[in-house]
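A structural walkthrough
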Protein chains: 2
Amino acid sequence: MNSTTSLTNRPLPNRESGERVPGMGKVSLYSFTVEPFHVDFTGHLFLGVLGNHLLNAAGRHSHNRGWGIDQLNEVQYTWVLSRLSIELTEMPAQYEHVEVETWVESVMKLFTERNFLIRNTDDGRIYGYARSIWAMIDLSSRQPSNLLELKDGDILRYVIPADEKPCPIAKYRPSRPATEPAVRTIDTHYSDVDINGHINSIKYVEHVLDLFPRELFEGHRLQRFDIAYKAESYLGDTLTFISQPSDTTFADGLATTYDIAIRKNVGKPEHPEGEAIIQAKVLFC
Amino acid sequence: MNSTTSLTNRPLPNRESGERVPGMGKVSLYSFTVEPFHVDFTGHLFLGVLGNHLLNAAGRHSHNRGWGIDQLNEVQYTWVLSRLSIELTEMPAQYEHVEVETWVESVMKLFTERNFLIRNTDDGRIYGYARSIWAMIDLSSRQPSNLLELKDGDILRYVIPADEKPCPIAKYRPSRPATEPAVRTIDTHYSDVDINGHINSIKYVEHVLDLFPRELFEGHRLQRFDIAYKAESYLGDTLTFISQPSDTTFADGLATTYDIAIRKNVGKPEHPEGEAIIQAKVLFC
């Protein structure tokens, strides 16, 4: 028999093999190797796996500063990922060593901005950057909490303003979501769901990339991926994917940009248009 | 533009963070932490992620002894996973530290048996064991090669017979594959495919587990998973899943064991019954 593992009262491991600088500075470093089973058919890291590493880097950075999800759960709060943007000039390849710097750029009342720099450990070349936005919610009410009031504003100690440590990629401003064409509907299963019973943030990234044909990955490179998490979905929900290609195309006729929306449970009698849960934008080059 | 990354002439990293004992003994140790994004809704490691770690452990063990896939590719050979069996008395939970021992139990002309022990790093308790069978194939002919003739039988130096280091779980003997009922057919997409253009070995594990209802994971524990890889499938193939539940059931009426078969491209006019590619058996307790 299984039971849900309690996150509370469980010390985090002190052998975080990925983190080489566990100090309490404002920036932390998380490193990993690109494993053979984590690369796509071009030999480059799956974007979803990179996203997973970024979330792990964020988790360790916040835990080491007393703001980890496990620590917050004890006081009935948790972090919720609201947006994630990744922009790369190059995707790490199989067996390469990668290190991720992460830091907090700003803290507002209801949101905090966390940035990432992604770099080759051996020669220092920069693969790209990422931006993320997180909200703190109260676990009982599921409502956002005022970050500046928690722990007497302790979180402000870790902020590095953009003029001190720039993250030179644009912020994501989701436009009005596309409503057509619906290109795929899928059921959700056991492997889609995280410990909270929600569809895993990174699984949405995988499902979005699975909308595109082989030729797009063969002939082009994924340059930027933006995703906004608008509502949660759960095991058993159906997900309908809307993909609106841009007018600009490559010489081979494939679009350079796709505006994606995901709606859950479209077509149910009580709610035929479903509910918008994800908005995303994917740019190839 | 992407191009396939060459595996040849690329030194393997010397910072294999997962491997703590890189020596040339017969047994090597590979360790990892169970990450928050790698656990299921019960808080336990996804079996597919565990399988991925086992394959990584195997890859490092063989590379460090001159038998890595990258080294073999240079001489036009590669390893092919033929069978994998995992049997667990407990599945590692979120944040636990796990270490995997791996060693070679036997080498025959066309196959080698590699075993795994999976243990909690902190208190030494054993989660379970795994067995795998691998063939060596010639990359140009795709035919099996005689392992005993390669490199003057060097591989025999690494064998530990079962009486010296036992692996106390049964070997998998696939029975006649189930042919009905077909319970799901899926298309394959970008995220399913590995660097060789094949559907990733571990993705099959995920797809098989996605056949089962939530109640099976809520009320029971996955005790054993066996899979035999009979033929390859490729991006764009359709996969049809046949799942034959056992007559023995739990008190809640769910079956304890499922015989699974996967066939590709069923229903094509030239080959209506498709081709058998995977046979698997899943045991819950």
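In what follows, the structure referred to is the one given above.
Procedures and definitions
Residues numbered from 1 in each chain as written. Chains lettered and ligands numbered in written order. Predicted model: local features only at pLDDT ≥ 70, side-chain atom pairs only at ≥ 80, totals over all residues. Heavy atoms only, no water. Buried < 20%, exposed > 50% of the residue type's maximum accessible area, 1.4 Å probe, protein only. Helix = DSSP H or I, 4+ residues; strand = E, 2+ residues; numbered from the N terminus. Polar contact = N/O pair within 3.5 Å; in protein donor to acceptor, adjacent residues only side chain to side chain. Phe/Tyr/Trp six-rings, centres within 6.5 Å; stacked < 30°, edge-to-face > 60°. Lys NZ or Arg CZ within 6 Å of the ring centre and 35° of its normal. Salt bridge = Lys/Arg side-chain N within 4 Å of Asp/Glu carboxyl O. Axes fitted to C-alpha atoms, helices over the stretch in contact; angles between N-to-C directions. Parallel < 35°, antiparallel > 145°, perpendicular 65-115°, else oblique. Left-handed = near helix turned anticlockwise from the far one by under 90°. Contact = heavy atoms within 4.5 Å.

**Here we look at helix α3 (residues 201-209) of chain B**
All names here are of chain B.
- With eight of nine residues buried, α3 lies mostly within the body of the structure.
- Buried residues of α3: S201, I202, K203, Y204, V205, H207, V208 and L209, and no others.
- Backbone nitrogen of I202 and a side-chain oxygen of the N-cap are separated by 2.6 Å at the start of α3; the cap is N200.

**Looking at the packing of aromatic side chains**
- By the definition in use, this model includes 20 aromatic pairs over all chains.
- Consider the rings of F212 of chain A and F284 of chain A, whose centres lie 5.4 Å apart with planes at 85°: the pair is edge-to-face. Placement of the pair is F212 of chain A in the loop between α3 (201-209) and α4 (214-219) and F284 of chain A in strand β11 (residues 275-284), with a sequence separation of 72 residues. Note on accessibility: F212 of chain A and F284 of chain A belong to one class, buried.
- Relative to Y229 of chain B, the ring of Y204 of chain B has its centre 6.1 Å away and its plane inclined at 55°; by these criteria the two rings are tilted. Pair noted here: Y204 of chain B is in helix α3 and Y229 of chain B is in strand β8 (residues 222-229), with a separation of 25 residues, a long-range link.
- Residue class for Y229 of chain B comes out buried when judged on its relative accessible area of 15%.
- Here the guanidinium or amino end of K151 of chain B rests over the ring plane of W67 of chain B, the centre of that ring lying 4.9 Å away.

**Notes on the pattern of salt bridges**
Residue and element names in this part refer to chain A.
- Scanning the model with the defined rule gives 35 salt bridges over all chains in all.
- Here D226 makes a salt bridge to R224, at a shortest N to O gap of 2.8 Å.
- D226 sits in the buried class, given a relative accessible area of 4%.
- In this structure R224 comes out as buried when scored by relative accessible area, which is 8%.

**Some points on the packing of helix α1 (residues 47-63) of chain B against α3 of chain B**
Residue and element names in this part refer to chain B.
- It is the contact of α1 with α3, at a shortest axis distance of 9 Å, that shows an interaxial angle of 165°. Between α1 and α3, the interaxial angle falls into the category roughly antiparallel. Regarding α1 and α3, the two cross each other, and that crossing is right-handed. Of the residues in α3, those touching α1 at L47, G48, G51, N52 and L55 are I202, V205 and L209.

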